[in-house]
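Listed here are the chains, written in short residue letters.
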Number of protein chains: 2
Amino acid sequence: MTITLQDCRALDAQDPLLSLRELFHIPHGTIYLDGNSLGVMPRSAPARVAEVVTLEWGTDLIQSWNKHGWFSKPGQVGDKIARLIGAAPGTVVATDSTSVNLFKVLSAAMHLAEADSPGRKRIVSERSNFPTDLYIAQALCRERGFELVLVEPEEISAALTRDVAVLMLTHVNYRTGAMHDMPAVTAAAQSTGALMLWDLAHSAGAVPVDLTAANADYAVGCGYKYLNGGPGAPAFVWVNPKHADRFWQPLAGWWGHATPFEFTPDYRPAPGITRYQCGTQPMISLAALECGVDTLLAAETHGGMAALRRKSLALTDLFISLVRERCEGHGLGLATPMDHAQRGSQVCLTRAEGAYAIVQALIARGVVGDFRAGDGDRHKDILRFGFTPLYIGFEDVWHAVDHLHQVLQTGEWRRPEFNQKHAVT
Amino acid sequence: MTITLQDCRALDAQDPLLSLRELFHIPHGTIYLDGNSLGVMPRSAPARVAEVVTLEWGTDLIQSWNKHGWFSKPGQVGDKIARLIGAAPGTVVATDSTSVNLFKVLSAAMHLAEADSPGRKRIVSERSNFPTDLYIAQALCRERGFELVLVEPEEISAALTRDVAVLMLTHVNYRTGAMHDMPAVTAAAQSTGALMLWDLAHSAGAVPVDLTAANADYAVGCGYKYLNGGPGAPAFVWVNPKHADRFWQPLAGWWGHATPFEFTPDYRPAPGITRYQCGTQPMISLAALECGVDTLLAAETHGGMAALRRKSLALTDLFISLVRERCEGHGLGLATPMDHAQRGSQVCLTRAEGAYAIVQALIARGVVGDFRAGDGDRHKDILRFGFTPLYIGFEDVWHAVDHLHQVLQTGEWRRPEFNQKHAVT
């Protein structure tokens with residue numbers, strides 16, 4: 001049975017999350033399926049950012065450290081993020097970049113492993129993990145005499161040998177949208193004596209996450225994707241409270257000190273997650289991040305992450321169904337799992353030829369997804385579409401696939417202007 | 001001969017930099033002598049920040065990576081900062097925090113020393129260096145089996161033994177405003193075979209710095225003090241081009257990769273300073289930093305850093321003279337050197353009793369300086385006053401000292417409300 005535009009409009013009309021879309025500024029004429037790369041601007045952000053700039057910085061200046069609580073902002077925003085990832089209050093800080101935070105927790109995990117299980121000198125990760133995670137792990141392994149072992153998803157179990165210190169995975173794969181079973185994988189890693197470190201870059205705010213229930217050991221995540229925190233927003237870091245006080249991490253700056261304003265020459269780490277802070281944080285960008293996180297907390301009265309998840313799966317199901325119905329015979333493949341339990345909040349299509357140009361042609365039509373190059377071997381070129389249930393509607397999905405159909409049907413993507421590569425894609 | 005308010009007004013009238021004050025929003029009724037902690041907001045910042053938020057993020061979204069050059073912003077702002085510190089184009093990036101950047105360069109310096117001069121396993125610094133620098137050094141020494149040796153300024157020469165790998169100093173001391181002779185100290189360190197690492201937190205934009213002429217090895221600095229970049233603005237990092245390609249640093253994130261958008265699993269460091277980048281940078285805060293740096297570049301047509309330095313010394317000379325004339329007998333001491341060659345852009349007063357309360361009483365009167373606690377032994381409690389020549393005038397200095405005189409003369413500082421400590425001071 002063919003899905004119609006009217007069917008999609010009916011789904012929007014029944015959507016309990018529909019009103020949340022009003023929290024965002026969606027550019028006119030744009031269907032934005034790239035919230036997995038950079039979330040849309042909350043309407044509250046310009047005024048709040050202006051307030052931090054003109055009032056807190058411009059007028060109150062240095063007194064804002066006390067008056068506007070700048071020093072406690074990373075913990076305060078962290079506590080809000082904690083509600084989205086099943087973390088207890090006081091166990092998350094919003095700070096630095098995902099890469100820097102990964103360095104902190106992987107470093108701490110390696111120290112923990114060295115203390116509790118000497119001889120375990122391997123870090124296991126996926127070859128298709130987001131590269132910066134692998135680079136950081138590579139650097140730390142080189143510094144500390146560990147070995148980084150990269151495997152395919154189906155090889156993870158077999159790779160968990162008795163010499164593995166840490167299993168480090170991204171919960172939802174950035175290329176394919178495939179999602180790991182967090183509790184099961186965590187339990188499997190820990191049963192072999194390894195520590196479990198999760199990167200939640202494509203999960204926080206996108207799918208329900210319960211770090212506490214999964215009994216994970218460490219986690220980091222990104223502020224500018226599904227948390228809608230703005231370009232390069234500070235990232236976040238969580239450490240299982242049972243580990244938090246056991247080790248300090250080498251980015252031992254003053255914001256992680258027990259008494260930073262005593263200016264003592266010796267480092268004494270603050271208790272808990274605070275020791276995972278390092279230097280002074282970018283307050284203007286942090287204010288924008290808080291606006292973004294607040295859009296997700298606004299969903300709490302509409303069913304919260306469970307309702308967002310239901311809608312996300314309905315959106316991605318609809319997209320997949322429409323692509324099958326309307327783009328048949330155009331050589332598109334599906335890289336994202338059909339099984340809901342294994343799917344994040346994005347859909348990735350593959351095509352042997354023209355994936356980059358098709359994405360460009362769609363962008364020119366106002367349908368913004370992105371392209372991720374394959375490695376020519378196991379992984380094909382990918383057309384990536386993120387579905388942020390806070391602001392994407394079912395009619396949007398219909399139009400997006402309609403444009404995709406037209407781009408393929410007309411051969412529009414073959415035009416030269418869609419085949420010129422940008423520096424950053 | 002007594003200095004009068006009219007004398008100060010005459011100095012302002014002759015000041016070739018006077019018009020630059022119009023670049024800033026100085027809160028009404030405030031004499032802001034804390035630009036060494038958080039610089040004043042440039043008038044250009046609110047509009048530019050709003051543009052990044054509403055246009056670049058809000059409207060152009062992910063396309064801003066190309067359209068608005070987000071990816072190259074750290075290098076572009078770095079090139080502007082380079083002009084203030086005697087660094088060549090392409091050798092500075094604006095990124096992360098000072099603490100994180102110090103970790104990068106100290107780590108790289110330690111690797112360089114291990115390769116070129118094995119056996120050198122000491123890092124020498126000043127006991128009164130800004131604590132976060134010492135914490136980072138302490139952490140790295142612990143990780144790498146090095147020893148951190150802390151000395152007083154007059155003991156530095158003697159501490160430069162043949163086992164010293166790196167001399168790590170802050171150019172202008174945050175507590176006292178005392179300034180090192182950068183070329184002489186650099187040459188002394190290098191003559192013993194040590195590498196020279198400078199923290200320019202209280203120098204960049206405050207005093208002339210020529211890293212190239214001094215042939216320094218590494219430098220970091222702060223964006224939110226004299227660069228007027230806003231609260232927690234990204235910091236900067238410089239590496240002498242002769243070292244830049246020799247080592248990569250362990251914060252090996254994707255922004256330091258030679259081809260970050262090829263998403264290859266192996267880290268291949270970019271040439272030059274780019275490899276000192278790590279993760280995605282906070283674009284909104286980075287835009288504010290650029291506004292701040294631009295205020296210093298605006299001074300280039302008014303004589304640049306040399307003219308700023310002349311005015312800074314005139315301001316601090318005036319402040320010292322007026323304190324001597326008008327506050328005699330009130331137990332104030334001077335912690336800042338009288339010798340111009342040894343003075344940064346701040347003046348620090350000492351007092352055996354009430355330093356904290358006097359600062360609070362001054363703030364209540366609109367004269368904003370800050371307090372730094374002594375350690376009870378060598379260092380006394382400090383009343384710290386920064387003089388940013390871009391926006392502080394000679395009349396401001398007169399009124400500041402007039403208020404100080406009144407606070408001391410009336411005993412106003414003894415009021416209970418001025419003796420309650422805040423969390424952050």
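Keep in mind that this is a model prediction, so the values were computed, not measured.

Asks: Please explain the packing of aromatic side chains as it appears in this structure.
Replies: Ring pairs (aromatic) are described by centroid distance and by the angle formed between their planes. Tallied over the entire structure, the rule returns 35 aromatic pairs over all chains. Their ring planes at 45° and their centres at 4.4 Å tell us that Phe-71 of chain B and Trp-255 of chain B sit as a pair that is tilted. Placement of the pair is Phe-71 of chain B in the loop between α3 (64–67) and α4 (73–82) and Trp-255 of chain B in the loop between α10 (241–244) and α11 (283–298), with a sequence separation of 184 residues. Side by side, Phe-71 of chain B and Trp-255 of chain B carry an identical accessibility label, which is buried. Put simply, the rings of Trp-65, Trp-70, Phe-71, Trp-254, Trp-255, Phe-261 and Phe-263 of chain A together with Phe-130 and Tyr-174 of chain B touch in pairs and so form one group of aromatic residues.

Asks: Even after reading the chapter, I still don't get the pairing of strand β7 (residues 218–221) of chain B, so can you show me in this structure?
Replies: On any regular strand, side chains alternate: one points to one face of the sheet, the next to the other face. All names here are of chain B. Here β7 shows a buried face lined by Tyr-218 and Val-220 and a second buried face lined by Ala-219 and Gly-221. Sheet topology places strand β6 (residues 195–199) next to β7; three bridges connect them, and they run parallel. If you follow Asp-199 over to β7, its bridge partner there is Val-220.

Asks: Can you walk me through the UniProt feature "modified residue: N6-(pyridoxal phosphate)lysine" (unreviewed entry) in chain A in this structure?
Replies: Residues and elements named next belong to chain A. Those places that UniProt annotates as "modified residue: N6-(pyridoxal phosphate)lysine" (unreviewed entry) correspond, in this numbering, to Lys-225. Tracing the sequence through the fold places Lys-225 in the loop between β7 (218–221) and β8 (236–239). If we ignore the near neighbours within four places in the chain, the residues touching Lys-225 are Gly-35, Asn-36, Ser-37, Gly-39, Ala-201 and His-202. Separated by 3.4 Å, the side chain of Lys-225 and the backbone oxygen of Asn-36 make a polar contact.

Asks: Teacher, can you tell me more about the domain arrangement of chain A here?
Replies: Often the size quoted for an interface is simply the accessible area lost on bringing the parts together. Residues and elements named next belong to chain A. Partitioning chain A into domains gives domain 1 (5–32 + 304–418) and domain 2 (49–298). The C-alpha-based centres of domain 1 and domain 2 are spaced at 29 Å. With 30 residues of domain 1 at the contact, the number on the domain 2 side is 23 residues. Both sides together, the interface formed by domain 1 and domain 2 hides about 2100 Å², and carbon and sulfur atoms give 57% of it.

Asks: How should I be thinking about the sheet that holds strand β6 (residues 195–199) of chain A in this particular structure?
Replies: Sheet strands pair via backbone hydrogen bonds, and the direction of the pair is either parallel or antiparallel. Residue and element names in this part refer to chain A. Spatially, seven strands are ordered β2-β8-β7-β6-β5-β3-β4 in an open sheet, and the strand pairing comes out mixed. The open sheet has two edge strands, β2 (92–94) and β4 (147–151), and neither has a second partner. Shown here is a sheet whose adjacent strand axes are inclined to one another by a mean of 15°, direction ignored. One ladder, built from three bridges, connects β2 with β8; its direction is antiparallel. When the sheet's bridge partners are listed, Val-93 is paired in β8 with Val-237.

Asks: Would you mind going over the relation of the copies chain A and chain B with me for this structure?
Replies: Copy one and copy two of the chain differ by a rotation about a common axis and a shift along it. Turning chain A through 180° and shifting it by 0.0 Å along the axis lays it on chain B, with an RMSD of 0.0 Å. What the superposition gives is, in effect, a two-fold axis relating one chain to the other. Identified as the residue of chain A closest to the rotation axis by C-alpha distance is Ser-285 of chain A, at 2.7 Å.

Asks: How should I be thinking about the sheet that holds strand β13 (residues 382–386) of chain A in this particular structure?
Replies: Residues and elements named next belong to chain A. With respect to topology, four strands assemble into an open sheet ordered β9-β10-β13-β12, the strand pairing being antiparallel. Edge positions in the sheet fall to β9 (333–334) and β12 (370–372), since each has one partner strand and no second. Summarising the sheet, β9 and strand β10 (residues 346–350) pair through two bridges and their orientation is antiparallel. Of the residues in β10, the one forming a bridge with Gly-333 is Thr-350. Relative to the sheet, helix α12 (residues 304–326) contacts β9, β10 and β13, its axis offset from that of β10 by approximately 25°.

Asks: Please explain the state of the cysteines as it appears in this structure.
Replies: Each disulfide consists of a covalent bond between the sulfur atoms of two cysteine residues. Summed over the entire model, instances satisfying the criterion amount to zero disulfides over all chains. Counting only cysteine sulfurs, Cys-327 of chain A is the nearest neighbor of Cys-8 of chain A, a cysteine outside any disulfide, at a range of 13 Å. Take Cys-8 of chain A: its relative accessible area is 0%, and that puts it in the buried class. Residue Cys-141 of chain B stays outside any disulfide, its sulfur separated by 15 Å from that of Cys-278 of chain A, the closest cysteine.

Asks: Explain the interface of chain A and chain B here, please?
Replies: Chain A puts 81 residues into the contact, and the matching count from chain B is 81 residues. At the boundary of chain A with chain B, total buried surface from both sides reaches about 6900 Å², with 70% on carbon and sulfur atoms. Applying the counting rule to chain A against chain B returns two salt bridges. The salt bridge partner of Glu-143 of chain A is Arg-144 of chain B, with a shortest N-O separation of 2.9 Å. Put simply, chain A and chain B have 19 residue pairs in polar contact (both at pLDDT 80 or more) between them. The set of elements that each furnish at least two residues to the side of chain A that touches chain B consists of α2 (45–57), α3 (64–67), α5 (98–116), α6 (131–144) and α11 (283–298) of chain A. When residues in the side of chain A that touches chain B are grouped by element, the largest group, ten residues, is from α6 of chain A. Of the residues assigned to the side of chain A that touches chain B, the class counts are 46 nonpolar, 27 polar and eight charged.

Asks: Looking at this structure, how should I read the UniProt feature "binding site: pyridoxal 5'-phosphate" (unreviewed entry) in chain A?
Replies: Cross-referencing UniProt, the feature "binding site: pyridoxal 5'-phosphate" (unreviewed entry) maps to Thr-98, Ser-99, Phe-130, Pro-131, Thr-132, Asp-133, Thr-170, Asp-199, His-202, Tyr-224, Trp-254 and Thr-280 of chain A in the present numbering. Judged by maximum C-alpha separation, these annotated positions cover 183 residues in sequence and are scattered in space, the widest gap reaching 30.1 Å. Judged by relative accessible area, Asp-199 of chain A falls into the buried class, the value being 2%. If we ignore the near neighbours within four places in the chain, the residues touching Asp-199 of chain A are Thr-98, Asp-133, Leu-169, Thr-170, His-171, Val-220 and Gly-221 of chain A. Among the residues examined, Thr-280 of chain A registers a relative accessible area of 7% and is labelled buried. Those residues within four positions of Thr-280 of chain A in sequence are excluded, and the remaining contacts are Trp-65, Trp-254 and Trp-255 of chain A together with Ser-97, Tyr-224 and Gly-232 of chain B. Polar side-chain contacts of Thr-280 of chain A include one of 3.4 Å to the side chain of Trp-255 of chain A.

Asks: Hey, could you run me through the side chain of Asn-129 of chain B in this one?
Replies: Residues and elements named next belong to chain B. Mapping Asn-129 onto the fold places it in the loop between β3 (122–126) and α6 (131–144). Given the relative accessible area of 4%, Asn-129 is considered buried. A polar contact is formed between the side chain of Asn-129 and the side chain of Ser-125, at a distance of 2.9 Å.

Asks: Honestly, the packing of α5 of chain A against α6 of chain A in this entry has me stumped. Any pointers?
Replies: The angle between the axes and the distance between the axes are what describe a pair of packed helices. Residue and element names in this part refer to chain A. One way to put it is that α5 packs onto α6 with a least axis distance of 10 Å and a crossing angle of 40°. Judged by the angle between their axes, α5 and α6 are oblique. Handedness of the α5/α6 crossing: right-handed. The segment α5 lies against α6, with Ser-99, Leu-102, Phe-103, Leu-106, Ser-107, Met-110 and His-111 engaging Thr-132, Asp-133, Ile-136, Ala-137, Leu-140, Cys-141 and Arg-144. The class makeup of the residues in the contact of α5 with α6 is eight nonpolar, four polar and two charged.

About the thresholds
Residues numbered from 1 in each chain as written. Chains lettered and ligands numbered in written order. Predicted model: local features only at pLDDT ≥ 70, side-chain atom pairs only at ≥ 80, totals over all residues. Heavy atoms only, no water. Phe/Tyr/Trp six-rings, centres within 6.5 Å; stacked < 30°, edge-to-face > 60°. Helix = DSSP H or I, 4+ residues; strand = E, 2+ residues; numbered from the N terminus. Buried < 20%, exposed > 50% of the residue type's maximum accessible area, 1.4 Å probe, protein only. Pairing = 2+ DSSP bridges. UniProt positions renumbered as here; feature names shortened; annotations may be inferred. Contact = heavy atoms within 4.5 Å. Polar contact = N/O pair within 3.5 Å; in protein donor to acceptor, adjacent residues only side chain to side chain. Domains from an automatic or database assignment. Buried area = accessible area lost by both parts, 1.4 Å probe. Axes fitted to C-alpha atoms, helices over the stretch in contact; angles between N-to-C directions. Least-squares fit on C-alpha atoms with pLDDT ≥ 70 in both. Disulfide = S-S within 2.5 Å. Salt bridge = Lys/Arg side-chain N within 4 Å of Asp/Glu carboxyl O. Nonpolar A, V, L, I, M, F, W, Y, C, P; charged D, E, K, R; others polar. Parallel < 35°, antiparallel > 145°, perpendicular 65-115°, else oblique. Left-handed = near helix turned anticlockwise from the far one by under 90°.

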